[in-house]
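# What the coordinates show
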Amino acid sequence: MAESFSEIGKIEAIDRLYRLSAYNPVSGLSYTSAKGGVVSTASRMYIEGMDFNLEYFPLKHLGYKCVIGASGELYAALARPKLLNVVLGVSAKLDFEQVKELWMGITVAAKEHGYEAVNLDLQPSVNGLYISIAATGETSLLTSKRRMAASSKDLICVSGPLGAAYLGFTVLEKGAEEFRKTGRQPEMGEYRMLVGDYLRPTLEADVVSRLEDSEIYPSYGYFVTRGLSDALKRLVRDSGLGAKVYADKIPFEGNSFKLGKEMDLDPVSAAMNGGDDMRLLFVVPLLHLEKFRRDFQTFDIIGHLAQSDVGAVLVTPEGVEFPVKAQGWSENEE
């Protein structure tokens, strides 16, 4: 009987496909430049109806978010953004003013994150708007040489609250459904921060410079956009080590548990399996613990690496360890 992607999970599916080829799985594409630095590329595709809903997504915010989605992959590789290539598939329902709004969001984000050049192409689309983003960045020779091999007990750190974007997405979807039924614009009220995490996520553009200034060189970096589970599965695969994350150490936006209770959603599950958080996850050497805590107070230490036989596990406050399961594709995953 044929297996579905939801049964296999994305990480296992990718691994199986690689085993049928002459290539090995990699986290992002990179090569060594003539000056010895490492050039990395990251690409994302955003499709209307799958990755965003134009009923409530401001086009300027959408353009901004798409650039963040590609830039985060570069920062995870400790690369500084250099070049950005953008292809917009535009359907007949969008006019020039709307495309201009989208483009303004793209260029604002590109400027904030230091891209030296941005290339744009427009293509017709019969099935709504799609946005293809390809970003190129470079890790300095010194930084690439100073990255140490990971060891058991090294720290797993994330750059901000998890699960917030998925919860914000849920608020927006519920609001859109209410608007279709009643014609009344829903009030976001106390959940504006959660909604903002979904519509217009932000990243610190100087994170690579700050790490270099502090002489902290993470052994592994990942961009968390498909839930923490996805990032942990990749970390375990790439490092050959285990990973323990503690549920009571995961950071949450202030109203996450209140909203979760109202909508019968578990914020921990949203953090592990939800999408679009756009947070950086770094593995920091244990010997830099005090320096990292002092210089990177916006990051939270949520766990540590472990022996390989541990696998990837979520530890409850009671000390119970639950294996992290690979995810398939759901309505809000990329």
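None of these values were measured; they are calculated from a predicted model.

Glancing now at a nonpolar patch on the surface. On the surface, a nonpolar cluster with roughly 270 Å² of combined accessible area is contributed by Met45, Ile47 and Met50. Positionally, Ile47 belongs in strand S2 (residues 38-47).

Below, the discussion takes up helix H7 (residues 192-199). When we look at burial in H7, the residues that qualify are Leu194, Val195, Asp197, Tyr198 and Leu199. Those residues of H7 that are buried lie in contact with helix H3 (59-76), helix H6 (164-182), helix H10 (256-263) and strand S9 (279-284).

With 63 residues, the main nonpolar core has Leu62, Leu84 and Ile131 as its most contacted residues. With 10 residues, the single largest contributor to this core is H3. Residue contacts for Ile131: discarding those within four places in its chain leaves Arg44, Met45, Tyr46, Phe52, Leu62, Cys66, Val87, Leu88 and Leu102. If you look at the next biggest cluster of nonpolar residues, it comprises 25 residues, including Ala243, Val245, Leu305 and Ala312.

Bringing the side chain of Ser91 into the picture now. Secondary-structure assignment places Ser91 in the loop between strand S3 (80-90) and helix H4 (96-112). With near-sequence residues (within four places) excluded, Ser91 lies in contact with Ser125, Gly128 and Leu129.

Three or more residues of H10 are buried, namely Ser256, Leu259 and Gly260. The buried residues of H10 occupy an angular sector of 105 degrees when the element is viewed end-on, so they sit on one face. Where H10 is buried, its residues touch H6, H7 and helix H11 (267-273). Just beyond H10, the residue with positive phi is Asp264, at close to 55 degrees.

Any region with low pLDDT has predicted coordinates that should not be read closely. Chain-level pLDDT for the protein chain is 90 on average; 92% of the residues reach the 70-or-more range. Note on residues 328-334: pLDDT is under 50 here. Beyond four places in sequence and across chains, it has 25 contacts.

Tallied over the entire structure, the rule returns 9 aromatic pairs. Seen in terms of ring centroids, Phe57 and Tyr198 are 5.6 Å apart; in terms of plane orientation they differ by 55 degrees. Their pairing is tilted. Here the residue Phe57 occupies a position in the loop between S2 and H3, and Tyr198 occupies one in helix H7, the gap between them amounting to 141 residues. What makes Phe57 buried here is its relative accessible area of 3%. Ring plane angle 55 degrees and centroid distance 5.5 Å describe the contact between Phe169 and Tyr198, whose orientation is recorded as tilted. Placement of Phe169 in helix H6 and of Tyr198 in helix H7 is noted, with a sequence separation of 29 residues between them. Across the pair, Tyr198 and Phe169 agree in class, each one buried. An aromatic cluster of three or more residues is present, and its members are Phe57, Tyr166, Phe169 and Tyr198. Here the guanidinium or amino end of Lys65 rests over the ring plane of Tyr198, the centre of that ring lying 3.8 Å away. Lying over the aromatic face of Tyr64, Arg200 brings its terminal NZ or CZ to 3.7 Å of the ring centre.

This part takes up the sheet that holds strand S8 (residues 242-246). Sheet strands pair via backbone hydrogen bonds, and the direction of the pair is either parallel or antiparallel. Read across the open sheet, the 7 strands follow the order S7-S9-S6-S10-S8-S11-S12; overall the sheet is mixed. The open sheet terminates on both sides in strands that have one partner only, identified here as strand S7 (220-224) and strand S12 (321-323). Taking each pair of neighbouring strands and ignoring which way they run, the sheet shows an average axis angle of 25 degrees. Across 4 bridges, the pairing between strand S6 (residues 155-158) and S9 is antiparallel. Its bridge partner being in S9, Ile156 is matched across the sheet by Val283.

What follows deals with the side chain of Arg279. As for its placement among the helices and strands, Arg279 is situated in strand S9. From its side chain, Arg279 meets the backbone oxygen of Pro161 in a polar contact 2.7 Å long. Residues within four places of Arg279 in sequence aside, it is in contact with Ser159, Gly160, Pro161, Leu162, Asp197, Tyr222, Phe223 and Val224.

Here the focus is the pairing of S8. Put simply, side chains in a regular strand alternate between the two faces of the sheet. In terms of burial, S8 is largely enclosed, as 4 of its 5 residues are buried. Note that S8 and strand S10 (residues 300-306) share 4 bridges and pair antiparallel. Residue Ala243 lies in a different strand from S10, and its bridge partner there is Leu305. Bridge analysis of S8 against strand S11 (residues 312-315) gives 4 bridges, and the strand direction is parallel. Residue pairing for S11: Lys244 is matched across the bridge by Val313.

Once that is clear, we can look at the packing of H3 against H4. With their axes 7 Å apart at the nearest point, H3 and H4 run at an angle of 40 degrees to one another. If you check the angle between H3 and H4, you find them oblique. Judged by the twist between their axes, the crossing of H3 over H4 is right-handed. Listed contacts from H4 to Leu59, Lys60, Leu62, Gly63, Tyr64 and Val67 of H3 are Gln98, Glu101, Leu102, Met104, Gly105, Ile106, Val108, Ala109, Ala110 and Glu112. Across the contact of H3 with H4, the residue classes tally to 10 nonpolar, 3 polar and 3 charged.

Rules and cut-offs
- All residue numbers refer to position in the chain's written sequence, counted from 1.
- Totals for whole chains, interfaces and linings use all residues, but because this is a predicted model, local features are given only for residues with pLDDT of at least 70 and pairs of side-chain atoms are given and counted only at 80 or more.
- Calculation of side-chain values draws on the structure's entire complement of heavy atoms; hydrogens and water are dropped beforehand.
- Within this analysis, patches are made of residues with over 30% relative accessible area and no salt bridge. Like charges are joined at 9 Å or less; nonpolar side chains (Val, Leu, Ile, Met, Phe, Trp, Tyr) at 5 Å or less.
- Only the protein chains shown count as cover for residues, and all accessible areas are computed by the Shrake-Rupley method using a 1.4 Å probe.
- Salt bridges are counted wherever a side-chain nitrogen of Lys or Arg sits within 4 Å of a carboxyl oxygen of Asp or Glu.
- Where helices and strands are cited, they refer to DSSP runs of H or I of at least four residues and of E of at least two residues respectively, numbered from the N terminus.
- A 1.4 Å probe rolled over the protein chains alone gives each residue an accessible area, and that area as a share of the maximum for its type sets the label: buried under 20%, exposed over 50%, partly exposed in between.
- Every residue pair with non-hydrogen atoms within 4.5 Å of one another is taken to be in contact.
- Nonpolar core, defined: a set of buried Ala, Val, Leu, Ile, Met, Phe, Trp, Tyr and Cys residues in which side-chain atoms within 4.5 Å join the residues together.
- In this description, one arc is meant: the one made by directions from the helix axis to the C-beta atoms.
- The predictor reports its confidence for every residue as pLDDT, a score running from 0 up to 100.
- Side-chain rings of Phe, Tyr and Trp (the six-membered ring for Trp) are treated as a pair once their centres are within 6.5 Å; stacked means planes under 30 degrees apart, edge-to-face means over 60, and tilted covers the remaining angles.
- The criterion is that NZ of a Lys, or CZ of an Arg, lies within 6 Å of the ring centre and within 35 degrees of the ring normal, and then a charge sits over that ring.
- Paired strands are those between which DSSP finds at least two bridges.
- An axis is simply a line fitted to the C-alpha atoms; with a helix, the fit covers only the stretch in contact. Between two such axes, the angle follows the N-to-C directions and lies from 0 to 180 degrees.
- Contacts described as polar in this section are N or O atom pairs within 3.5 Å, which, within protein, must combine one atom able to donate a hydrogen with one able to accept it, while residues neighboring in sequence count only if both atoms come from side chains.
- Our angle categories are set so that under 35 degrees counts as roughly parallel, over 145 as roughly antiparallel, 65 to 115 as roughly perpendicular, and the remainder as oblique.
- In this scheme the handedness of a crossing depends on how the near helix is turned from the far one: anticlockwise by less than a right angle means left-handed, clockwise means right-handed.
- Residues are grouped as follows: Ala, Val, Leu, Ile, Met, Phe, Trp, Tyr, Cys and Pro are nonpolar; Asp, Glu, Lys and Arg are charged; every other residue, Gly included, is polar.

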